[in-house]
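# Fold and contact review
Letter by letter, the chains look like this.
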Amino acid sequence: MSRMRMNPRTSRNPKTANFQGGVCRRTYSNENRLEGTLISILVVAEKSSVAMSYAKVLGATSRKDGYLEGNSYLVSWCVGHLVELAPPNVYDAKYVKWSIADLPILPERWQYLVSASTKKQFGILKKLMHRPDVDSVICATDAGREGELIFRLVYQQAGCKKPFSRLWLSSMEDSAIREGFAGLRPGAEYDPLYQSALCRLKADWLIGINATRLFSVLYHRTLNVGRVQTPTLAMLVDRDSKITMFRKEKYHHVRLTLGGAEAVSEKIAAPEEAEALRAACAGAEAVCVSVTREQKKEAPPKLYDLTTLQREANRVFGYTAKQTLDYAQSLYEKKLLTYPRTDSRYLTADMAETVSAVLHLAAKLPPFDGCKEFFPDVTLLVNDGKVSDHHAIIPTLELEKASLSELPVGERNILLLVCRELLCAVAEPYVYEAVTATFTCGGQTFTAKGRRILSEGWREIDHIFRASLKEQPEDEAEPAALPDFTEGQTFDQVDASVTEHFTAPPKAYTEDTLLAAMETAGKEEMPEDAERKGLGTPATRAAILEKLVAAGFVERKGKSLIPTKAGINLVTVLPDTLTSPMLTAEWEQKMTAIARGKGDPAAFMAGSSDMARELVKTYSHISEEGQKLFAPEREAVGLCPRCGKPVYEGKKNFYCSDRSCQFVLWKDDRFWTSRKKELTKKMAGDLLKKGRTSVKGMWSEKKGAAYDAVVVLDDTGEKYVRFKLEFPKRKEGVNGKK
């Protein structure tokens, strides 16, 4: 639907291909052709679903194992990151065991591996790259830093030397794909982007591997440390600390009822002062001393980038960031949305005509077909200077053919949310008159505030959308309209009351508010022209949150994200270097320079290696108390009968927590093993609490039969605990016989 959006960092060289009749025809000199050999072009997409869309447009309709073929094209795909940096044990077998003595791990020559789960697809790509009839390759992975990295690592690991071009798309519509293949760029133009991505990958490996091993060994627990996830965890811990340390304070308002409105005093701390003012005002005269009216406008919202879409979906539907990304990605692959992993909220000028058509399609969808006719201002959406890799997320012209009822509910909700944002973004401003009336009574000032709506503008569309939802999201109540107060107006015998309030602690982060905080973290340290600001990228933030939850450092409670005890302890023990967003700010600044051809990759990597060395040198020892921070919380089985201290379960015994006390119940005590029974936690608890436990099915070696008995704890204070058996008496029958 949109014209191909080129990366502005690249130069505008003449096109290297011509798109004719649905096929991209390269121009070859005679020496490039083998006599009688058909020439094929290999297209490498990032996902199979995207490859299918390319193949359809290119005419590669013959399905093969792991690729499609036809019309001089071979279209295949990666499966995420096919090629990864090798783990430490590939460099040296000694790294299998984690040891501080072996740190830092600093590879002199980086090695790569194909993951076991993707080995088959890599083999297919490698074979295709080396096919004699394939004379060139097209990098058609996602248009961005990570997409570039995915292709380059496969290309290099496969040992491919054939020339390659770059496809750069923001939409998966057929027309956009055709235009993209007609405007291929030489792959070398994206070398700086690849170097930037490679530096990010290697530096994250260096700091992640060394810091994770260092602190995990020190604290005897796997502590995953990451450049982005650790500062994110630190923000959650800081907010949790503020909530925990918060002490609420009581305050009061005196309220006057005046002609159908309510005027409120300033905050009053002391209850007796509030009561005194209420008494002075009750039945007294109140005078309106001023009325101010100010017309205000709220501009329409901007279009969504991925982060704002994730935040809104969390607010409205309660979706996690990952769920929203998955739904948006699926809609992109179904050609109903443009590329979702974007950080721009604007479109380019060459899209104006197409987006006008999309607007009319969106306006016909329920519930938006209930909106009154409006005249969209498409110029509000356009800003070429604020579009880099990809433009904002919008629906595509495929809306005309789509059956929304057939979409999964999550995808349908996200698509309608994007449609709503597009319609709101081109609507009229929301205009209202803010009214503030001030009164005096009892020697104090009271204020009443209200709002008179002059034009609903874009909010009408939003109201219609929200009214269509089964569950209404929570919104702040807007001030109601005030009566027409005039200066000098008096009110006799006013009613006065006191209301009691408490200061509120900061709210726990939700995915909505945390994504906003991640987006702006460290922003003040970054240059204005930095390509990325904040922690992570729109595409990676969802994965960061999921990793923190999976690692047990964060838990979800409703919509709130709460750090666990382990998460709080991790932030406590790590140096500021790793918990502050400053490192990410510094790295993004340098990686942006590298991507633009103005930075030195070697210098960046040298600095990362120095940082790893300094971490190991500075933090290789901790106190004995510090080592206990991540010890699992133990549940006491009972209290020691000798000293009264808690008794805990070990692998082989139940032991007193006081080391000077020698009380132990051994699980492999001959008393139990000879009777073919195991001393369980419940049995030990009964022995400690009641001094006895009932046991069924104990084995008698002498009689060769099983029996039931009560085992009594017979502790005489000796090294080994003793036990006695008691047998329940049989009840006598009616004849007095047992």
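Residues numbered from 1 in each chain as written. Predicted model: local features only at pLDDT ≥ 70, side-chain atom pairs only at ≥ 80, totals over all residues. Heavy atoms only, no water.

### Digging into the sheet that holds strand E9 (residues 134-140)
Going by this rule: Any two strands with at least two DSSP bridges between them are considered paired. Think of it this way: any DSSP run of H or I at least four residues long counts as a helix, any run of E at least two long counts as a strand, and we number them from the N terminus. We call two residues contacting when some pair of their heavy atoms lies within 4.5 Å. Working convention: axes come from line fits to C-alpha atoms, limited for helices to the stretch in contact. Angles between N-to-C directions cover 0 to 180 degrees.
Read from one edge to the other, the open sheet built from 7 strands follows the order E4-E5-E6-E3-E9-E10-E11, with strand pairing classed as mixed. Bordering the open sheet on either side are strand E4 (62-64) and strand E11 (185-186), each of which pairs with just one other strand. As paired strands, E4 and strand E5 (residues 67-70) are joined by 3 bridges and run antiparallel to one another. The residue bridging arginine 63 from the neighbouring strand is leucine 68, located in E5. Strands in contact with helix H3 (residues 119-129) are strand E3 (40-45), E5, strand E6 (73-77) and E9; relative to E6, the strand with the most contacts, it is inclined by about 155 degrees.

### Overview of the state of the cysteines
By definition, a disulfide links two cysteine residues through a covalent bond between their sulfur atoms. Let me state the cut-off plainly: What counts as a disulfide here is a pair of cysteine sulfur atoms lying within 2.5 Å. Think of it in three bands: residues with accessible area under 20% of the maximum for their type are buried, residues over 50% are exposed, and the middle band is partly exposed, with areas taken using a 1.4 Å probe on protein chains only.
All chains considered together, the criterion is met by 0 disulfides. We note that cysteine 78 lacks a disulfide partner, and the nearest cysteine sulfur, in cysteine 139, lies 8.3 Å from it. Free of any disulfide, cysteine 160 has its nearest cysteine sulfur in cysteine 139, 12 Å distant. For cysteine 160, a relative accessible area of 5% translates into the label buried.

### Some details on the packing of helix H7 (residues 229-245) against helix H14 (residues 511-520)
When two helices pack together, their arrangement is given by the angle between the helix axes and the distance between those axes. Selection rule: Just so you know how the angles are binned, under 35 degrees is roughly parallel, over 145 roughly antiparallel, 65 to 115 roughly perpendicular, and the rest oblique. Handedness of a crossing follows from how the near helix is turned relative to the far one, being left-handed for an anticlockwise turn of less than a right angle and right-handed for a clockwise one. When residues are sorted by character, Ala, Val, Leu, Ile, Met, Phe, Trp, Tyr, Cys and Pro go into the nonpolar class, Asp, Glu, Lys and Arg into the charged class, and all the rest, Gly among them, into the polar class.
The geometry of H7 relative to H14 is characterised by a closest axis approach of 11 Å and an angle of 125 degrees between their N-to-C directions. As summarised for this structure, H7 and H14 are arranged oblique, according to the angle between their axes. For the crossing formed where H7 meets H14, the hand is right-handed. Packed against H7, whose contacting residues are Thr232, Met235 and Leu236, the element H14 presents Leu514, Ala517 and Met518 at the interface. For the contact of H7 with H14, a count of residues per class yields 5 nonpolar, 1 polar and no charged.

### Details of the confidence of the model for the protein chain
For clarity, the threshold we go by: Here pLDDT means the predictor's own confidence in every residue, given as a number from 0 to 100.
Summarising the model, the protein chain shows a mean pLDDT of 87, and 91% of its residues fall at 70 or more. Across the protein chain, the secondary-structure element scoring lowest on mean pLDDT is strand E1 (residues 18-20), at 40, and the one scoring highest is strand E10 (residues 164-166), at 97. Segment residues 1-36 is flagged for pLDDT under 50; beyond a separation of four residues in sequence, or across chains, it makes 97 contacts in the model. Residue range residues 731-738 is modelled with pLDDT below 50. Its contacts to residues more than four positions away, or to other chains, number 2 contacts.

### Focus: empty space enclosed by the protein
It is the rolling of a water-molecule-sized probe over the atoms that shows where space remains empty. Rules: Using protein atoms alone on a 1 Å grid, points that fit a 1.4 Å probe yet trap it form a cavity, whereas open point sets bounded by protein on both sides within 12 Å along at least five of seven lines form a pocket; residues with an atom within 4 Å of a point count as lining. Grid points are joined across faces, edges and corners, and a volume is the space filled by probe spheres set on the points.
In this structure the tally under the stated criterion is 3 cavities of 30 Å³ or more. If you add up the space inside the largest cavity, you get close to 70 Å³. Lining the largest cavity are 13 residues; nearest its centre among them are Tyr54, Thr141, Asp142, Ala143 and Tyr332. Residues that form the lining of the largest cavity fall into these classes: 10 nonpolar, 2 polar and 1 charged.

### Brief notes about the packing of aromatic side chains
Going by this rule: Two rings belonging to Phe, Tyr or Trp (six-membered ring only in the last case) form a pair when the distance between their centres is within 6.5 Å. Interplanar angles under 30 degrees mark stacking, angles over 60 mark edge-to-face geometry, and anything in between is tilted. Charge-over-ring placement is defined geometrically: NZ (Lys) or CZ (Arg) within 6 Å of the ring centre, and within 35 degrees of the ring normal.
In the structure shown here, the tally under the stated rule is 22 aromatic pairs. Taking the centre distance of 6.1 Å and the plane angle of 10 degrees together, the rings of phenylalanine 368 and phenylalanine 465 count as stacked. Linking phenylalanine 368 in the loop between helix H11 (352-363) and helix H12 (409-425) with phenylalanine 465 in helix H13 (residues 458-467), this pair joins segments that are 97 residues apart in sequence. When sorted by exposure, phenylalanine 368 lands in the same class as phenylalanine 465, which is buried. Linked through ring pairs, Tyr91, Trp110 and Trp205 together constitute an aromatic cluster. A cation over a ring is seen here: arginine 451 above tyrosine 432, with NZ or CZ 3.8 Å from the ring centre. Over the ring of phenylalanine 671 we find arginine 675; its NZ or CZ atom is 4.2 Å from the centre of that ring.

### Comments concerning unusual backbone geometry
Glycine aside, the phi torsion of most residues is negative, and most peptide linkages are trans. Look at the link from leucine 103 to proline 104: it is a cis peptide, with omega at 0 degrees. Inspection of the secondary structure puts proline 104 in the loop between helix H2 (88-91) and strand E8 (112-114). Between proline 366 and proline 367 the backbone carries a cis peptide bond, its omega angle lying at 5 degrees. A positive phi is found at asparagine 71, a non-glycine position, where the angle reads about 55 degrees. With respect to the helices and strands, the residue asparagine 71 is situated in the loop between E5 and E6. Classification of asparagine 71 by relative accessible area gives partly exposed; the value is 34%. Even without being a glycine, lysine 676 presents a positive backbone phi close to 55 degrees.

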